[in-house]
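# Residue-level structure breakdown
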Amino acid sequence: MHRSYYWLITALSLPAFVWLIPTIWMVSLSFQPNEVLARTTSTTAFGLIPLPFTTENYAALFSFGQTPMWFLNSAIVALGMTLGVLAVSTTAGYALARLEFPFKRAIMVLCLVGLMVPEQAVFIPLYTMFADLGWHNSYHALILPRMAVPIGVFLMMQFFRAIPRDIEEAARIDGVGWLQIFWYIMLPLARPAMMTLAILTFLYAWNDYLWPLVSAREPERFTITLGLASIQSNFAQSEGLGRVMASGVIASLPVVILFLMFQRYVVRAMTAGGTKG
Amino acid sequence: MLRDKWRKGQGLSQPQAAAVLLFPFLAVYAAFLIYPFFMGVWISLHDWNLLAVAFNPGAKEFIGTENYVRTLWGRNIEWGLFASPVMQTVGVLGIGLAFLGYRQGRLTRATALAIGIAGALFVLLPGFYPGEDGRWYDRRFWPTVGNTILFVGLAVPGVTITALILAAALDGETRAKAILRTIFFLSQVLSVTVVTLIWQIMFSPRQGLIANVTEALGGSPIVWLTDQQFAMAAIVITTVWWSLGIAMILFLAGIQDISKDIYEAAAIDDARGIKAFWYITLPNLKRTITLVVVLQIILHFQVFGQSHLMTQGGPNDSTQVLVRYIYQTAFRDSELGKASAMAVFLFVIMGAFSLVQFVVGREED
């Protein structure tokens, strides 16, 4: 290694630390007593070290308040959405990648056009539609609109296209039907792509804000992202800063753990989601 | 056994199998994306009050393009080349840059065309102003669009330049670099509410870390979120912190595609470090840079949470952005028709950029 390499790492460590400060600060504040925080947030090292230390905020979150319910709602919506998106995307992706049928090009173009429609262009009509159906304040109201976004179909389509055709042809000669080829041969091969799509969808579902804000109006149906937004406007008075920060930490745990465990997939998922809409 | 099971489904022809596999997606796609999209255009042509129509479905009135006129236009609107000198100068410079860049072969045709069109719009649109006795029908709409463009204009270069420098510095397979990459990427996975929660308190003049540090250094704290001069800056800082990760990762992927031979050849000529970055990395990343910029424009034009949660559009509407205005018009003022007209406006802008993204993405394949 060159000496310049160590210089580079040292020089970048400072901005990296600065980059981490807001996150460290949130975690640190969540471990300090509310009475202290009401007076000052910079007791020890500008509040970056949690002294005086307490776990009271977390205990309070789980003994009363709505955070556990919001967390559960988020988990249900995120998992439901992930399964739903995987189901419709793998099937449609395979059909578009490998099967020949009438109007194939037209359907592809139609799906491509859908990539250009942003969520904000459809959230008002979706609101009136779901209101007419009486679907608001439900899990499926939060899940269904995302299942209609064609990103997943394109991700899966690209993946299936890259698989050599020999495998299918061998199975066809053996007399295996198309649906069986899809289910028994292609899906197992598609596991890495499905993992990428699953993570992309889960992150989106967990962090989505605008649609839940419009659709879920009853606090019992809030996701954690929405619930956190509802308590942050009056954090200082009612809840106490430490407790709000603890909610923030709890709300971030699943995505941060997901990120640290599957970093490669997360990066790939966000890149794919980013470049393709 | 397994073979018997497989044989059963053999009867389906390719089109039949395709129909079975495509049906679930096409059904949700038609119901929750295609239909709502056209329904949105339909709503925008009506005087449609959210509450009135909820009670009585007949309480809407077809008014044609009236919502668009009420949003976009005004009384006695005139056009002049010097109505908004700053924006229009930027536009003229953009057109010049696109023309020169294309002539000298520094920009591809699609990029030049995109910059040129954006420049022309910058000359054309800010040139409109209410003449004598005139006024905009909606005084808040164009300033809101202006704020959104300002936000995009600050956040996109901020993210792009920082991400590019970090990506160039952190390219490589060492453990230290991997850890640093993780640190810079981490904030990207947080939700907008967590990010705004952290930064709202970071910026707080009484409890904020920034204020505490400034005070310890002997300065007087800035009232970031309620000062008209700093509110937009605060939101941009928050956004750069939050969304640097994707851009950095895209740049890293682009840098890894550049052949190592070029760098080795350059190293013989003593071009390393910053020189190599300037003469090799940057020119070879042109396409990636364009893609990242367009992507960021699309992404940040939809900004909502930062403004809604940190400043509530204030102070004095200085951080009011388009999506927040649509949200308020629809769900606070109950004017679904007008809100839908604005949503269609947003779609047209975003659609144009998506088209550019699509063309640039395919250009070199």
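A quick note: this is a predicted structure, and the numbers were derived from the prediction, not measured. Numbering of residues starts from 1 in every chain and runs along the sequence as written. Starting at A for chains and at 1 for ligands, labels are handed out in the order in which the entities are written. pLDDT decides what is reported in this predicted model: residues at 70 or higher carry local features, side-chain atom pairs at 80 or more are listed and counted, and totals for whole chains, interfaces and linings draw on all residues regardless.

## Here's the deal with the overall build of chain A
A run of DSSP states H or I qualifies as a helix once it reaches four residues; a run of E qualifies as a strand once it reaches two. Both are numbered from the N-terminal end. Along the backbone of chain A there are 16 helices and 0 strands. Its C-alpha atoms give chain A a radius of gyration of 23 Å, more than 25% over the compact-globule value 19 Å for 277 residues. Seen through its principal axes, chain A has C-alpha atoms that stretch 75 × 65 × 30 Å. Counting only contacts in chain A whose residues sit at least 6 apart along the sequence, the fraction spanning at least 24 positions is 74%. For a compact globule the rule gives 2.2 Å times the number of residues to the power 0.38, and the radius of gyration it is set against comes from C-alpha atoms. We call two residues in contact when the distance between their C-beta atoms, placed using the backbone, is within 7 Å.

## A few points about the domain arrangement of chain A
Much of the literature gives interface size as the accessible area that the parts lose upon coming together. Residues and elements named next belong to chain A. The start and end points of each domain follow an automatic or database-based domain assignment. Segmentation of chain A into domains returns domain 1 (1-54) and domain 2 (65-276). Counting residues at the interface gives 8 residues for domain 1 and 8 residues for domain 2. Considering each element in turn, the side of domain 1 that touches domain 2 owes the most residues, 4 residues, to helix α1 (residues 3-30). Amino acids outside the nonpolar list (Ala, Val, Leu, Ile, Met, Phe, Trp, Tyr, Cys, Pro) and the charged list (Asp, Glu, Lys, Arg) are all regarded as polar, and Gly is one of them. For the side of domain 1 that touches domain 2, the residue count by class is 5 nonpolar, 3 polar and no charged.

## Here's the deal with the packing of helix α3 (residues 56-63) of chain A against helix α15 (residues 241-261) of chain A
Residues and elements named next belong to chain A. At a closest axis distance of 9 Å, the pairing of α3 and α15 adopts a crossing angle of 75°. The orientation of α3 relative to α15 falls into the category roughly perpendicular. Residues Asn 57, Tyr 58, Ala 60 and Leu 61 of α3 form the contact with α15, whose own contacting residues are Gly 242, Arg 243, Ala 246, Ser 247 and Ile 250. Residue composition of the contact of α3 with α15, grouped by class: 5 nonpolar, 3 polar and 1 charged. Between N-to-C directions, angles span 0 to 180 degrees; the directions come from axes that are lines fitted to C-alpha atoms, helices contributing only their stretch in contact. By definition in this entry, angles of less than 35 degrees are roughly parallel, angles greater than 145 are roughly antiparallel, angles of 65 to 115 are roughly perpendicular, and the rest are oblique.

## Structural notes on helix α6 (residues 109-124) of chain B
Residues and elements named next belong to chain B. Multiply 1.5 Å by the residue count of a helix minus one, and that product is the helix's expected span. With 16 residues, α6 extends 22 Å from end C-alpha to end C-alpha; this agrees with the ideal 22 Å at 1.5 Å per step. Here a residue counts as buried when 20 or more other C-beta atoms fall within 10 Å of its C-beta, as exposed when 12 or fewer do, and as partly exposed in between; the C-beta atoms come from the backbone. Taken as a whole, α6 has its buried residues at Thr 111, Ala 114, Ile 115, Gly 119 and Phe 122. One side of α6 holds all its buried residues, which, seen down the axis, span an arc of 130°. Among the exposed residues of α6, those oriented more than 90 degrees off its buried face are Arg 109 and Leu 124. Arc definition: it is the arc formed by the directions from the helix axis to the C-beta atoms.

## Let's talk about the interface of chain A and chain B
At the interface, 75 residues of chain A touch 72 residues of chain B. Within the side of chain A that touches chain B, the residues separate by chemical class into 53 nonpolar, 21 polar and 1 charged.

## Looking at unusual backbone geometry
Trans peptide bonds make up the majority, and among non-glycine residues the majority have a negative phi. Pro 52 of chain A follows Leu 51 of chain A through a cis peptide bond whose omega is -5°. Within the secondary structure, Pro 52 of chain A sits in the loop between α2 (34-39) and α3. Of note in the backbone geometry, Phe 103 of chain A takes a positive phi value of approximately 65° without being a glycine. Of note, Phe 103 of chain A is situated in the loop between α4 (67-98) and α5 (104-114). You will see that Ser 334 of chain B, though not glycine, has its phi angle at about 60°, which is positive. Relative to the helices and strands, Ser 334 of chain B is located in the loop between α16 (322-331) and α17 (336-363).

## Regarding the domain arrangement of chain B
Splitting chain B by domain gives domain 1 (78-136) and domain 2 (141-333). Centre-to-centre, using C-alpha coordinates, domain 1 of chain B lies 25 Å away from domain 2 of chain B.

## Focus: the pairing of strand β3 (residues 74-79) of chain B
Residues and elements named next belong to chain B. Here β3 lies mainly on the outside; 0 of its 6 residues are buried. Looking at chain direction, β3 and strand β4 (residues 128-136) are connected through 5 bridges and run antiparallel. Across the sheet, the residue bridging to Trp 79 is Phe 128, located in β4. One bridge is not enough; two strands pair if DSSP finds at least two bridges between them.

## Section: α15 of chain A
Given a rise of 1.5 Å per residue, 21 residues ought to cover 30 Å, and the 30 Å separating the end C-alpha atoms of α15 of chain A matches this to within 8%. A maximum bend of about 40° is found in α15 of chain A at Leu 253 of chain A, where proline Pro 254 of chain A lies one to four positions downstream. A residue's bend is the angle separating two fitted axes: one through the seven residues that end there, the other through the seven that start there.

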